[in-house]
There are 2 protein chains.
Amino acid sequence: MTRPTVNDIAREAGVSLATVDRVLNARPGVRAKTISAVNDAITRLGYVRDLAAANLARSRSYRMIALLPDGDSQFVQTLAEALTEAAALAAATRLRLDLLRYPPEDMHVLSNLLAGFQPEEVAGVALMAPETPVIRDAVRALRQRGIPLVALGSDLPNTGRDHFVGIDSHAAGRTAGVLMGRFCRGLSGRVLVIADSMLLRDSIERRRGFDEVLLADFPALDVMPTLETHGSADQLRRAVGDCLAATPDVVGLYLLGSGHRALAAFLRDRGLLGRFVVIGHELTPHTRQALMAGHLDAVIAQNPGHLARSALRVLRAKADRIPIDEGQEQLRIEVVIRENLPAEPREDQQGDAA
Amino acid sequence: MTRPTVNDIAREAGVSLATVDRVLNARPGVRAKTISAVNDAITRLGYVRDLAAANLARSRSYRMIALLPDGDSQFVQTLAEALTEAAALAAATRLRLDLLRYPPEDMHVLSNLLAGFQPEEVAGVALMAPETPVIRDAVRALRQRGIPLVALGSDLPNTGRDHFVGIDSHAAGRTAGVLMGRFCRGLSGRVLVIADSMLLRDSIERRRGFDEVLLADFPALDVMPTLETHGSADQLRRAVGDCLAATPDVVGLYLLGSGHRALAAFLRDRGLLGRFVVIGHELTPHTRQALMAGHLDAVIAQNPGHLARSALRVLRAKADRIPIDEGQEQLRIEVVIRENLPAEPREDQQGDAA
DNA sequence: TAAGAAATGAGGAACGTACCTCAAAAATTG
DNA sequence: CAATTTTTGAGGTACGTTCCTCATTTCTTA
């Protein structure tokens, strides 16, 4: 009736507890025949190791590290908060997360940080970084030392990272493209694409997906070359202003990255708010506000809370060398419009010990 | 350096371990002054109770029950699988889930089932059922006995259920409405609404949300009275056929419930596939296929995996009387189009004991 | 201030697993 | 077959908490 324990296995298999323990924990000195006898008993009884007890006995505690670029990106900021929150909850199951920020302008700082992590101290690393050669090497070396690493938000496919926690940027761009195309049904004209910088893998892939869809399925829409703002509101005003002046038949705006506040301010000044179909990425206080006000028609987003929790779950699984639940870790490309905007996250996080 | 334990609290507060235990577990016989002394020590040390150890000591095991209506609804089927899968994972943390189905035509069977659950045996119940008077009474009685209950998929607001795991149907209907309106930009005409039955709370609320949006924001579209199919493909063919014959200017179809396969077959027969904007609910093998084929333009969905895991987490939290993480339990109203369709779930679930 | 009640302390057993040591048994080798 | 190696058994301690008992101290109140 109750759950079988290691003692039950021993009895069932006709061996001692010590032998069961050797088999369960893959310790040496057991004959193949005995091993299979124990495993048979395990399957016969339907034994499932009590992870709580196991971790308690091991007095295992996991120190994880999350590395995010420094700067004032709203998305990174939100993700940092989500990580902190997820870590607070995971603290009850002996996981500690240190959240570090690195200067995005110098990858050597990050590389040195990574090089300093030792397997005795660090049970896993979640990293959000572009895949430069320096980083690639540092990640490879880290994994060589036996420290699991998951790429967070932006993939590092050529580093052998253990897992990627995030959404497929290309598919996200395609999704944005379809929405742009469909929301512009019956219209013909040009679509402006605005990015911080086209050096980031994410931006490139989104743009590629977006273009694909518009080219194939919405011939009435014409996608213009990307306007790069480098995070500057002035540059955005200038670039978009010039472009609108030169091409009067703009019907849609696609923001690959940030700049929603600057764009809204600019459009408001010109009396153009609501004139275009506007689609952007990531749900931040700014995009949320723009959605509510109706200046922004849709946002393609990944849920920072899910991102954070998934990263911690995967890292723990990797540290324990147990398989991950693919279904649970598959993050959705969310389409957010005003009508399915989730309620504002509340601020009062009361971690109560009682 | 290491995590503080109950012994550390005792030392810090200058009391005995027994007293700390009394405070932590809200046992009687401690002066208010002592309680606050202990709590101060707890906050000073940043103590977080080790849940693994706590549950081990309690040798608490949770037997939860999930109750779903019987029948061949694809969504319920998928949800049942998700629950089984989530339960398999939760087994490692001493949770057992019994999944029961009840005949949807007789609520007294369900009511009797609920009446039979005793708090000594059942740590929590997840229930998907319409809110009839019989059920309302049974749920109230259950909670009176101290058994936590969460409403699954469809809310039971007047029963005092501990929590609702699911999405807001009204908002889901509004979301469907906006997509219908925007995907029909430039068109004017009628929109057909097809439902299994309008007796279900969900259908009513979706319909209400849908109507609201179309009425307020898309005056060019005219919503027709609901066609009820009662789950029968024939009835669907007849009703939709009659309606299309009578009103030639139909531009959109909205499926409140199931019937995607029957609708696709009907439209194919008539050579009408792809002629209308079609929007439906829930991601099932049928809607997935229809999305891929392009017969269905968007699906408003809730993620069955999230639903299942959220239900188990909430029930466990309720059983432990600890607060739930609102952020994590807030389920999103997903908008699924072909471009953000998640990869087909794989079948090979390998639960490995080693 | 003495009797009674309330609060606190001391100690131990238990939960299921990990990990250790030492001795005994079994298998393998020369 | 004896010597050696390998495998197995027996038993203990530890992890951090819960929950119990019984003794002792401290506070109330008549």
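### Description of the interface of chain A and chain B
Then comes step 1: Across the boundary between the two partners, chain A contributes 50 residues, which contact 51 residues of chain B.
Then comes step 2: Buried area between chain A and chain B, both sides added, is near 4800 Å², and the carbon and sulfur share of it is 51%.
Then comes step 3: Taken as a group, A:R185, A:R332 and A:E339 account for 15% of the area that chain A buries against chain B, more than any other trio of residues on that side.
Then comes step 4: Inspection of the region where chain A meets chain B yields seven salt bridges.

### Quick word on the confidence of the model for chain A
Then comes step 1: In the predicted model, chain A carries a mean pLDDT of 91, and the fraction of residues at 70 or more is 97%.
Then comes step 2: Note on residues 347-354 of chain A: pLDDT is under 50 here. Beyond four places in sequence and across chains, it has seven contacts.

### Describing the protein's contact with DNA strand C
Then comes step 1: Lining the immediate surroundings of DNA strand C are 27 residues, of which A:Y47, A:A57, B:S16, B:T19 and B:T34 lie closest.
Then comes step 2: Here a phosphate oxygen of DNA strand C sits 2.8 Å away from a polar atom, N or O, in the main chain of B:R31.
Then comes step 3: Broken down by secondary-structure element, the contributors of at least two residues to the surface near DNA strand C are α4 (51-58) of chain A together with α2 (17-24) and α4 (51-58) of chain B.
Then comes step 4: In terms of residue count, the dominant contributor to the surface near DNA strand C is α4(A) (four residues).

### Some details on the packing of helix α1 (residues 6-13) of chain B against helix α3 (residues 32-45) of chain B
Residue and element names in this part refer to chain B.
Then comes step 1: Two numbers describe how α1 lies on α3: the axes approach to 9 Å, and their chain directions differ by 120°. Crossing hand, α1 versus α3: right-handed. Contact with α1, carried on its side by D8, I9, E12 and A13, involves A37, V38, A41, I42, R44 and L45 of α3 and no other residues of that element.
Then comes step 2: In terms of residue class, the contact of α1 with α3 is built from seven nonpolar, no polar and three charged.

### Quick word on the side chain of B:D202
Residue and element names in this part refer to chain B.
Then comes step 1: Looking at the secondary structure, you find D202 in helix α9 (residues 201-217).
Then comes step 2: Buried and unpaired, D202 has no salt bridge, with R206 as the nearest side chain of opposite charge at 4.5 Å.
Then comes step 3: Leaving out residues up to four positions away in the same chain, D202 has contacts with G153, S154 and S169.

### Observations concerning the nonpolar core
If you look at soluble globular proteins, the nonpolar side chains tend to sit buried side by side.
Then comes step 1: With 118 residues, the main nonpolar core has A:L152, A:L179, A:M180, B:L152, B:L179 and B:M180 as its most contacted residues.
Then comes step 2: Apart from residues lying up to four places away in sequence, B:L152 is in contact with B:L68, B:L79, B:L83, B:A126, B:L127, B:M128, B:V165, B:L307 and B:A311.

### Some words on the sheet that holds strand β3 (residues 124-127) of chain A
Paired through backbone hydrogen bonds, the strands of a sheet run either parallel or antiparallel to each other.
Residue and element names in this part refer to chain A.
Then comes step 1: Reading across the sheet, the five strands line up as β2-β1-β3-β4-β5 and stay open at both edges, with parallel pairing between neighbours. One side of each edge strand has no neighbouring strand; the edge strands of this open sheet are β2 (95-102) and β5 (163-165). Averaged over all adjacent pairs, the angle separating strand axes in this sheet is 20°, with direction ignored.
Then comes step 2: Of the pairings in the sheet, the one linking strand β1 (residues 62-69) to β3 comprises four bridges and is parallel in character. Bridge pairing links A66 to A126 in β3.
Then comes step 3: Those strands touched by helix α5 (residues 74-90) are β1, β2 and β4 (149-152), and its axis lies near 160° from that of β2.
Then comes step 4: Lying on the sheet, helix α13 (residues 304-320) is in contact with β1, β2, β3, β4 and β5; it crosses β1 at an angle near 135°.

### Comments concerning the sheet that holds strand β1 (residues 62-69) of chain B
Residue and element names in this part refer to chain B.
Then comes step 1: Pairing within the open sheet is parallel, and its five strands lie in the order β2-β1-β3-β4-β5. Edge positions in the open sheet fall to β2 (95-102) and β5 (163-165), since each of these has one partner strand only. The mean inter-strand angle of the sheet, taken between neighbouring strand axes irrespective of direction, is 20°.
Then comes step 2: Docked against the sheet, helix α5 (residues 74-90) engages β1, β2 and β4 (149-152), running at close to 160° with respect to β2.

### Notes on helix α10 (residues 233-246) of chain B
All names here are of chain B.
Then comes step 1: The end-to-end C-alpha distance of α10 is 20 Å, a good match for the 20 Å that 14 residues give at a rise of 1.5 Å each.
Then comes step 2: Every buried residue of α10 is listed here: L236, A239, V240, G241, C243 and L244.
Then comes step 3: In this fold, the buried residues of α10 make contact with β6 (189-195), β8 (227-228), β9 (250-255) and α11 (260-270).
Then comes step 4: The backbone nitrogen of D234 has a side-chain oxygen 3.3 Å away, supplied by the residue at the start of α10, namely S232.

### Thoughts on the relation of the copies chain A and chain B
Two copies of the chain are present, and they differ by a rotation about an axis and a shift along that axis.
Then comes step 1: For the pair chain A and chain B, the superposition axis carries a translation of 0.2 Å, the fit reaches an RMSD of 0.4 Å, and the rotation angle comes to 179°. Both chain copies can therefore be described as sitting about a two-fold axis. The position closest to the rotation axis in chain A is occupied by the C-alpha of A:A52, lying 2.4 Å away.
Then comes step 2: Here 100% of the interface residues in chain A have copies in chain B that are interface residues too; the copies meet face to matching face.

### Quick notes on the packing of aromatic side chains
Then comes step 1: Under the criterion given, the structure shown has three aromatic pairs over all chains.
Then comes step 2: Between the aromatic rings of A:F183 and B:F183, the centroid separation amounts to 6.1 Å while the plane-to-plane angle is 50°, which identifies the pairing as tilted. One end of the pair, A:F183, is in helix α8 (residues 169-183); the other, B:F183, is in helix α8 (residues 169-183), on a second chain. Comparing A:F183 with B:F183, the two get one shared label, buried.
Then comes step 3: Where A:F210 meets A:Y254, the ring centres are 4.0 Å apart and the plane angle is 20°; that geometry is what we call stacked. On the criterion of sequence distance, the pair formed by A:F210 in helix α9 (residues 201-217) and A:Y254 in strand β9 (residues 250-255) is long-range, its members being 44 residues apart.
Then comes step 4: You can call A:Y254 buried: its relative accessible area is 0%.
Then comes step 5: In this arrangement the basic side chain of A:R182 is found over the ring face of B:F183, its NZ or CZ atom lying 4.2 Å from the centre.
Then comes step 6: Between A:R316 and the ring centre of A:Y62, over which it is positioned, the NZ or CZ distance is 4.9 Å.

### Details of the domain arrangement of chain A
Then comes step 1: Each domain of chain A was delimited in the assignment, giving domain 1 (6-49), domain 2 (62-164 + 304-331) and domain 3 (169-301).
Then comes step 2: Here the C-alpha centre of domain 3 of chain A lies 60 Å away from the C-alpha centre of domain 1 of chain A.

### Quick word on the pattern of salt bridges
Then comes step 1: A full pass over the atoms with the stated rule returns 43 salt bridges over all chains.
Then comes step 2: Here B:D211 ties to B:R207 by a salt bridge, and the two come within 3.1 Å at their closest N and O atoms. With B:D211 and B:R207 both in helix α9 and four residues apart, this pair spans about one turn of that helix.
Then comes step 3: Classification of B:R207 by relative accessible area gives buried; the value is 11%.
Then comes step 4: Of the charged contacts in the structure, one is a salt bridge between B:E212 and B:R208, with a shortest N-O distance of 3.8 Å. Remark: B:R208 and B:E212 occur in helix α9; sequence separation between them is four residues, near one turn of the helix.
Then comes step 5: Look at B:R208 and you get partly exposed, because its relative accessible area is 45%.
Then comes step 6: Salt bridges linked by common partners bring A:E131, A:R136, A:R201 and A:E205 together as one network.

### Considerations on α5(A)
Residue and element names in this part refer to chain A.
Then comes step 1: Taking 1.5 Å of rise per residue, 17 residues should cover 24 Å, and α5 covers 24 Å from first to last C-alpha, within 8% of that figure.
Then comes step 2: Among all positions in α5, only F75, V76, L79, A80, A82, L83, A86, A87 and A90 are buried. Looking straight down α5, one finds that the buried residues subtend no more than 165° of arc, so they occupy a single side.
Then comes step 3: Buried residues along α5 sit against β1, β2, β4 and α13.

Criteria and thresholds
Residues numbered from 1 in each chain as written. Chains lettered and ligands numbered in written order. Predicted model: local features only at pLDDT ≥ 70, side-chain atom pairs only at ≥ 80, totals over all residues. Heavy atoms only, no water. Contact = heavy atoms within 4.5 Å. Buried area = accessible area lost by both parts, 1.4 Å probe. Salt bridge = Lys/Arg side-chain N within 4 Å of Asp/Glu carboxyl O. pLDDT = per-residue confidence, 0-100. Near = heavy atom within 4 Å. Polar contact = N/O pair within 3.5 Å; in protein donor to acceptor, adjacent residues only side chain to side chain. Helix = DSSP H or I, 4+ residues; strand = E, 2+ residues; numbered from the N terminus. Axes fitted to C-alpha atoms, helices over the stretch in contact; angles between N-to-C directions. Left-handed = near helix turned anticlockwise from the far one by under 90°. Nonpolar A, V, L, I, M, F, W, Y, C, P; charged D, E, K, R; others polar. Buried < 20%, exposed > 50% of the residue type's maximum accessible area, 1.4 Å probe, protein only. Lys, Arg positive; Asp, Glu negative; His and termini not counted. Core = buried A, V, L, I, M, F, W, Y, C linked by side-chain atoms within 4.5 Å. Pairing = 2+ DSSP bridges. Expected span 1.5 Å × (residues − 1). Least-squares fit on C-alpha atoms with pLDDT ≥ 70 in both. Phe/Tyr/Trp six-rings, centres within 6.5 Å; stacked < 30°, edge-to-face > 60°. Lys NZ or Arg CZ within 6 Å of the ring centre and 35° of its normal. Domains from an automatic or database assignment. Arc of directions from axis to C-beta.

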